[in-house]
Amino acid sequence: MKSRLLLLLLGSSALAADSNVKPEAVAGNEAVKKIMETRPGRGVMRDDTPPTLPEEALKKFKTRSDVAIDLMAAEPVVEQPLYASWDSKGRMWVTQYRQYQFPAGLKIISYDQHLRAKFDKVPLPPPRGEKGADKITVFEDTDGDGFFDKHEDVITGLNIASAALHGMGRIWVLNPPYLLSYADADFDAKPDSDTPEVELSGFGLEDTHSVATNLQWGMDGWLYGANGSTTTGNVSSANTKNVKWEGQCIWRFHPIFKTFEIYAEGGGNTFSLDIDSKGRLFSGTNGATRGMHYEQGSYGIKGWGKHGPLTNPYAFGWFEHMRHEGDNKRFPQAFTVYEGGLLGSAYEGKIIAPNALQNLVYVSERIPDGSTFRTKDEENLLSTPDRWFRPVWAGVGPDGGFYMADWYDTRLSHVSPIDDWHKTSGRIYRVRPAAGAPKLKTFDLSKAGGDELVGYLNHPNEWFRKQAILEMGWRWSSFEDLPQKLNDKPLTLETLWALDALTRNIRPQINIGNGRIGPMLHHRAMKSEDPYVRRWGVKMIGDQDRDTSDLVRLAKDEKHPEVRAQLLATAKRLPADVALPMLWAGDAEDESGHLQLLAWWALESKAEKERAAVFAFLKSDSAFLKTTLFRDNLAEKLSKRYALAGGEENLQSCADLLALTNDEALRGKFVAGLASAFEGAEMPKLPDALSKALNEYIAKQSGGDLTLALRSGNADALKNALKLLDDKKASNTARIAIAKTLAELGKTEAVMPMVNILKSTNAPSLKRGILQAAAKFDDKRIPEALLLNWEGQIAGDKALREDALRVMAGRKEWAQILVNFVNEWKIPAKHFTVDIVRQLSLYKDADIDAGIEKHWKGLLATGPTPEKKKEAERIKAVLKTGLGDADKGKIQFMARCAICHKLFGEGGQIGPELTGYDRSNADFWLDNLFMPSMEIREGFGAYIVKTKGGQMLTGLMDAQDANGIVIKDMAGNKTALKQAEIEKMEASPVSLMPEGLTTGMSDADLKDFFAYLMKK
């Protein structure tokens, strides 16, 4: 490291005082101030662990034998670094997020249950708005020895600035709610003016931990970015207005045409973004996999309760994270695909993902998985015992080194309104070969000629290949002869990108050879032997509205799954006459299920907007109706889509679907979609043609589909349904299905048959199913049937007993009766689990609360208590004498934990899987056993839902869309609720996990139990 920078670093102190914001400075009212002063934090909060000076921290790293790590910059030059990028001279632009976590000049007027803030105003863009502490610093290696010897703060006074990127003669800065661009015509890395252009406005500020960030240039000329999970968006540009969403997404902005769009939705907390050398998009995650792979126009899984529904209520599915094999500790949020050419073949094409929570960095292989990927861990790149090491960004530099921005703090969690962040620390690291630091001669691609830029297209470092192409696109008018030279070369992916960059802004396009280069280029690309050239040819057509004549042929002939995926993604963007025949690309095996979903999203986008074209295609291509894709994936969804949208025209489309075919199996798919659309309610008045078709279908099914008949208002259906419910010879499955339908339709005639089932000797599985249906009715005969027959018919089966208690705890009047029975010793208090008692406590009823105090005192305590401390100390003392028999411990685990948690592949999914945690650490187990609410894993937080029908439900949010939600309780029972049924929904601050799981365990039991938990 250069001596002058080294002296600066060593003269700094990570112990410097912090300038933390006090509650009174940002609270807009007393209620908010009280929350900020009293709300406990969750997750990894700040502690008394001392920081380590930069050079000493460097010595603590343990790396792979073939690499070494360099400290490139540290405090006070770098404080709270969040993001970095490189310009065409190889200068590193570091965004310092020093204003975090509260925007300057704003007051918080309210918090929601997820600690998302609502501010008193929208901040003005700089320089008009309040000046913040954020700044952009440029680092430079002026003599090419591999280390920075110069740095300069080039933009200061920013207020929640999350990323900066140079390009097109401008400095692009994400400063939510704005995307700004500062002119830098002379490329001196300084704005030509203090007043930037406001390119975009409307990015959310509710949670400054998950704002828009990670700017990246795409090879299509668009500027890409990520949006975090707990902020929303309502973004406008000069030519695009009010693009709205909730939560995580990948978005893009065209800097010339001034258009903005969501590229893909969903994922974890998408605070990182990487575009690999094939142009594929990935992000890290705050979960336990390596991250997400996005296709254009796709929808990904979200934490529904916290992050809200997808923008498309008819998505009917989503992409999951890439399947993963290896360490599944959360969370590898920073993410990059290494293609720098410096570290060697062992790293090329691999994912390198820092895990800020675990103070380590993964290396993971990408393995094809249908049209997407799965990942598999290799040896970790590095780790450190320094728990202040918090890498929040990763990337590959022009020198081929792997770089990290280290936030450097003991605290990691944002789920606290206390501003005690260590604001004066931060480091930039580089990982390079152990043989020595890379030395890169000074360069300036912004002044490079055409031939020099073409030479970079074969560079071993992806960064140079991409940056050369970007420069061609930004300076296309300077390279008149370059398109011809490139057109004469073999069509590689880089050549394709370069030709497109040079010609896409020319109207009309230049002539080369026998025709215009633009259209010829894309036709040529789709005939390439390289699937990634074909894939990008398809993408360019969809993005640039070019000649689509080859697309339908390619959709039927293409074999490569990734090209098929792009064909379907492009079909979503094109007019129906071209797009619908392209659905053939989805008729292929794909274990990931991505192709089938992409085909549905393409078809769905035309369902109403181009209805006539949809039916013209389905009528004209009878072979498509026979494909596996249509029969097993699209038919039912299409019918459901029209039925859910409702209205005369859409319901007529349901009838038109039935009229397409005489194939009873396919007609059955259409009817199934119709039935699922109206689950939970009676069907509306249907068009005569549809009503006739439904009745004919029901009649042909040997008496009919009774649940469908009930929903359609069939005159005899209710009588037949009640008869089936009473029929002891009917299957339990059929009786439960009918009970559920009757309950959803509010048919009170069903209450007495349900009561009779609960009172009589029947299989516990039947009673459990009937219970979930009966809970919909506010009728005292139901709790009376349970309580008066408790010993004889209910209590003997643990699962049935607990379901019955949950159902009775779900209504205030029933809960009062239940507590009275406990008070009178008619129901044993020991039958109640902690989640049931918590549900009772929600009513704030004096009599119920008195019963809780009497029978379950201390059960609801969620913080530290003397009793918990004593029990934890007892367990620690026992474990110090050695562990027991893991096989016996498995029995304890299955009895106490497996209903919710999976370990070594066995168990439930109510709570997070435990296999990948730091299981050898006894303190980890004890903290979570005795205080599970201190850190609730994202995606496993409970919700409290009150229905307009009087039910109180608690559980996990299993799914959410515009139609409603699904709540899953501790036993895994799922309750679907329409949006119209919900009176109130809020997040619970208390974990679903009960405390005191070790109660009643002997020393021997504990040794066995922990032997299994800590088994390697």
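It should be emphasised that the depicted structure is a prediction, and the values quoted were computed from it without experimental measurement.

K.L.:
Kindly report on the overall build of the protein, identifying the contributing residues and their values.
P.N.:
Along the backbone of the protein there are 36 helices and 39 strands. The principal-axis extent of the C-alpha atoms belonging to the protein is close to 90 × 75 × 55 Å. In the protein, which comprises 1016 residues, the share counted as buried stands at 59%. The contacts in the protein between residues at least 6 apart in sequence include a share of 66% that link residues at least 24 apart. Element-wise, carbon and sulfur atoms account for 50% of the exposed surface of the protein, whose accessible area totals about 39,400 Å². Distance between charge centroids for the protein: 3 Å, based on 131 positive and 137 negative side chains.

K.L.:
Hey, could you go over the sheet that holds strand E18 (residues 259–265) for me, with residue numbers and the actual values?
P.N.:
One open sheet accounts for 4 strands, arranged E13-E14-E17-E18; its pairing is antiparallel. Among the strands making up the open sheet, the edge pair consists of strand E13 (213–217) and E18. With strand direction ignored, the average angle separating the axes of adjacent strands in the sheet is 25°. Pairing between strand E14 (residues 223–227) and strand E17 (residues 249–254): 5 bridges, direction antiparallel. Following the sheet pairing, leucine 223 is matched in E17 by phenylalanine 253.

K.L.:
So what's going on with the packing of aromatic side chains? Residues and values would help.
P.N.:
Counting across every chain of the model gives 42 aromatic pairs. Residues phenylalanine 203 and phenylalanine 260 carry aromatic rings whose centres are separated by 6.1 Å and whose planes lie at 80° to one another, so their mutual orientation is edge-to-face. You can see phenylalanine 203 sitting in strand E12 (residues 197–203) and its partner phenylalanine 260 sitting in strand E18, a full 57 residues away along the chain. By relative accessible area, phenylalanine 260 is classed as buried at 4%. Looking at arginine 290, its charged tip hangs above the ring of tyrosine 362, at a distance of 3.7 Å from the centre. Over the face of the ring belonging to tyrosine 314 we find arginine 641, whose NZ or CZ atom lies 3.9 Å from the ring centre.

K.L.:
I'd like to hear about the packing of helix H20 (residues 664–677) against helix H21 (residues 688–700), residue by residue, with values.
P.N.:
The interhelical angle for the contact between H20 and H21, taken along N-to-C directions, is 115°, at an axis separation of 11 Å. The interaxial crossing formed by H20 with H21 has left-handed handedness. Contacts between H20 and H21 involve Glu664, Arg667, Gly668, Val671 and Leu674 on the former and, on the latter, Leu690, Ala693, Leu694, Tyr697 and Lys700. Per-class residue counts for the contact of H20 with H21 are 6 nonpolar, 1 polar and 3 charged.

K.L.:
Lay out the pairing of strand E7 (residues 134–140) in plain terms, naming residues and giving numbers.
P.N.:
Counting buried residues in E7 gives 7 out of 7 residues, a clear majority hidden from the surface. Bridging between strand E4 (residues 92–96) and E7 involves 5 bridges; their strand directions are antiparallel. Of the residues in E7, the one forming a bridge with glutamine 96 is lysine 135. The sheet contact formed by E7 and strand E8 (residues 150–158) spans 6 bridges and is antiparallel.

K.L.:
Report on the side chain of histidine 114, specifying residues and quantitative values.
P.N.:
Position of histidine 114 among the secondary structure elements: in the loop between strand E5 (108–111) and strand E6 (117–119). At a separation of 3.3 Å, a polar atom in the side chain of histidine 114 contacts the side chain of tyrosine 943. Beyond its immediate stretch of four places on either side in the chain, histidine 114 contacts Gly305, Lys306, Tyr943 and Ala987.

K.L.:
Before we move on, could you go through the sheet that holds E7 and cite the residues and values that matter?
P.N.:
Taken together, 4 strands build an open sheet; the order of strands is E3-E4-E7-E8 and the sheet is antiparallel. Looking at which strands have only one partner, the edges of the open sheet turn out to be strand E3 (81–86) and E8. Each neighbouring strand pair of the sheet contributes to a mean axis angle of 20°, computed without reference to strand direction.

K.L.:
I'd love a proper account of the confidence of the model for the protein, names of residues and values included.
P.N.:
Keep in mind that low pLDDT regions are not for reading the predicted coordinates in detail. Scored by pLDDT, the protein has a mean of 89; 93% of the residues are at 70 or more. Every residue in residues 3–18 is under pLDDT 50, and counting partners more than four places away or in other chains gives 37 contacts.

K.L.:
I'd like a rundown of the pattern of salt bridges, residues and numbers included.
P.N.:
Evaluated as defined, the whole model comprises 61 salt bridges. Of the charged contacts, one joins aspartate 276 and arginine 280 as a salt bridge, the two residues approaching to 2.9 Å between their closest N and O atoms. Judged by relative accessible area, which is 5%, arginine 280 ranks as buried. Note that aspartate 399 and arginine 430 form a salt bridge whose closest N and O atoms lie 3.0 Å from each other. Taken together, the positions of aspartate 399 in the loop between strand E28 (391–396) and strand E29 (402–406) and arginine 430 in strand E30 (residues 427–433) put the pair 31 residues apart, joining distant regions of the chain. A relative accessible area of 14% places aspartate 399 in the buried class.

K.L.:
Describe a nonpolar patch on the surface, naming the residues involved and giving the relevant values.
P.N.:
Residues Met168, Ile256 and Phe257 make up a contiguous nonpolar surface patch of about 250 Å² in total accessible area. Locating isoleucine 256 in the fold gives a position in the loop between E17 and E18.

K.L.:
Which residues make up the nonpolar core, and what values go with them?
P.N.:
Nonpolar side chains in soluble globular proteins tend to be buried together. In terms of nonpolar packing, the biggest core is built from 144 residues, with Leu618, Met754 and Phe832 touching the most fellow members. Among the elements that line this core, the one with the most residues is helix H15 (residues 594–604), at 8 residues. If we ignore the near neighbours within four places in the chain, the residues touching leucine 618 are Phe624, Leu625, Phe630, Leu638, Leu657 and Leu660. One finds Leu200, Leu453, Ala468 and Leu486 within the second-largest nonpolar core, a separate group that totals 65 residues.

K.L.:
Before we move on, could you go through unusual backbone geometry and cite the residues and values that matter?
P.N.:
Excluding glycine, residues mostly have negative phi values, and the peptide bonds linking residues are mostly trans. Of note, the bond from glutamate 75 into proline 76 is cis; its omega dihedral lies within 30 degrees of zero at 5°. Along the chain, the position of proline 76 falls in the loop between strand E2 (67–74) and E3. Omega for the peptide link from tyrosine 100 to glutamine 101 comes to 15°, which places this bond in the cis form. In this fold, glutamine 101 is placed in the loop between E4 and E5. Here methionine 168, not a glycine, exhibits a phi torsion of approximately 60°, which is positive. Relative to the helices and strands, methionine 168 resides in the loop between strand E9 (163–167) and strand E10 (170–175).

K.L.:
So what about helix H23 (residues 717–726)? Which residues, and what values?
P.N.:
Taken together, the buried positions of H23 are Ala717, Ala721, Leu722 and Leu725. Looking straight down H23, one finds that the buried residues subtend no more than 130° of arc, so they occupy a single side. Summarising the geometry of H23, the exposed residues directed more than 90 degrees from the buried face are Lys719 and Lys723. Next to the buried residues of H23 lie helix H22 (706–711), helix H24 (732–744), helix H25 (751–759) and helix H26 (764–774).

K.L.:
How would you explain the packing of helix H19 (residues 648–658) against H21 if you had to name every residue and give the values?
P.N.:
Between H19 and H21, the least distance of the axes is 8 Å, while the angle of their chain directions is 45°. By the angle class used here, H19 and H21 are oblique. Along this stretch, H19 crosses H21, giving a crossing that reads as left-handed. Where H19 abuts H21, its residues Leu651, Gln652, Cys654, Ala655 and Leu658 lie against Ala689, Leu690 and Ala693. Across the contact of H19 with H21, the residue classes break down as 7 nonpolar, 1 polar and no charged.

K.L.:
Explain the environment of leucine 574 to me, and be specific about the residues and the numbers.
P.N.:
Here leucine 574 lies in the loop between helix H13 (561–571) and helix H14 (576–579). Among the residues examined, leucine 574 registers a relative accessible area of 5% and is labelled buried. C-alpha of leucine 574 to C-alpha of aspartate 543: the two residues are 31 residues apart in sequence and 9.2 Å apart in space. If we skip the residues at most four places from it in the chain, leucine 574 touches Gly542, Thr548, Leu551, Ala579, Met582, Lys606 and Glu610.

K.L.:
Now, about the environment of proline 581: what can you tell me, with residues and values included?
P.N.:
Tracing the backbone through its elements, the reader meets proline 581 in the loop between H14 and H15. A sequence separation of 36 residues divides proline 581 from phenylalanine 617, and the C-alpha atoms of the two residues are 7.5 Å apart. Setting aside chain neighbours within four positions, we find proline 581 in contact with Val552, Ala555, Ala576 and Phe617.

The rules behind each value
- Residue numbers run consecutively from 1 along every chain, following the written order of its sequence.
- Given that this is a predicted model, residues contribute local features only at a pLDDT of at least 70 and side-chain atom pairs are listed and counted only at 80 or more, while totals for whole chains, interfaces and linings are drawn from all residues.
- Based on all heavy atoms of the structure, the side-chain values leave hydrogens and waters out of the count.
- Secondary structure counts use DSSP, requiring at least four H or I residues in a row for a helix and at least two E residues in a row for a strand, with both numbered from the N terminus.
- Summary of the burial criterion: residues with accessible area below 20% of their type's maximum are buried, those above 50% are exposed, and those between are partly exposed, where the area comes from a 1.4 Å probe applied to protein chains only.
- Residues are treated as being in contact if the distance between any of their heavy atoms lies within 4.5 Å.
- Using the Shrake-Rupley algorithm and a 1.4 Å probe, accessible areas are obtained, with residue cover drawn only from the displayed protein chains.
- This count recognises Lys and Arg as positive and Asp and Glu as negative, with His and chain-terminal groups excluded.
- Charge coordinates come from a single atom per side chain, which is NZ of Lys, CZ of Arg, CG of Asp or CD of Glu.
- Pairing between two strands requires that DSSP report at least two bridges joining them.
- In this analysis an axis means a line fitted to C-alpha atoms, helices contributing only their contacting stretch, and an angle means the value between N-to-C directions, from 0 to 180 degrees.
- A pair of Phe, Tyr and Trp rings is counted when the ring centres sit within 6.5 Å of each other, with Trp represented by its six-membered ring. The angle between the planes then sorts it: under 30 degrees is stacked, over 60 is edge-to-face, the rest tilted.
- Lysine and arginine charges are scored as sitting over a ring when NZ or CZ, respectively, is within 6 Å of the ring centre and within 35 degrees of the ring normal.
- Take the far helix as the reference: if the near one is turned anticlockwise from it by less than a right angle, the crossing is left-handed, and if turned clockwise, right-handed.
- Note that Gly is not counted as nonpolar here; it falls among the polar residues with everything else outside the nonpolar set of Ala, Val, Leu, Ile, Met, Phe, Trp, Tyr, Cys and Pro and the charged set of Asp, Glu, Lys and Arg.
- Side-chain atoms alone can form a polar contact between residues adjacent in sequence; in general such a contact is a pair of N or O atoms within 3.5 Å, and within protein one must be able to donate a hydrogen while the other accepts it.
- By definition, pLDDT measures how confident the predictor is in each residue, and it falls between 0 and 100.
- Salt bridge criterion: a side-chain nitrogen from Lys or Arg within 4 Å of a carboxyl oxygen from Asp or Glu.
- Here a patch means residues that are over 30% exposed by relative accessible area and free of salt bridges, tied together within 9 Å if like-charged and within 5 Å if nonpolar (Val, Leu, Ile, Met, Phe, Trp, Tyr).
- Put simply, a nonpolar core is a bunch of buried Ala, Val, Leu, Ile, Met, Phe, Trp, Tyr and Cys residues held in one set by side-chain atoms that sit within 4.5 Å of each other.
- By arc we mean the arc of the directions from the helix axis to the C-beta atoms, nothing more.
- Any angle that is under 35 degrees is reported as roughly parallel, and any over 145 degrees as roughly antiparallel; angles of 65 to 115 degrees are reported as roughly perpendicular and all others as oblique.

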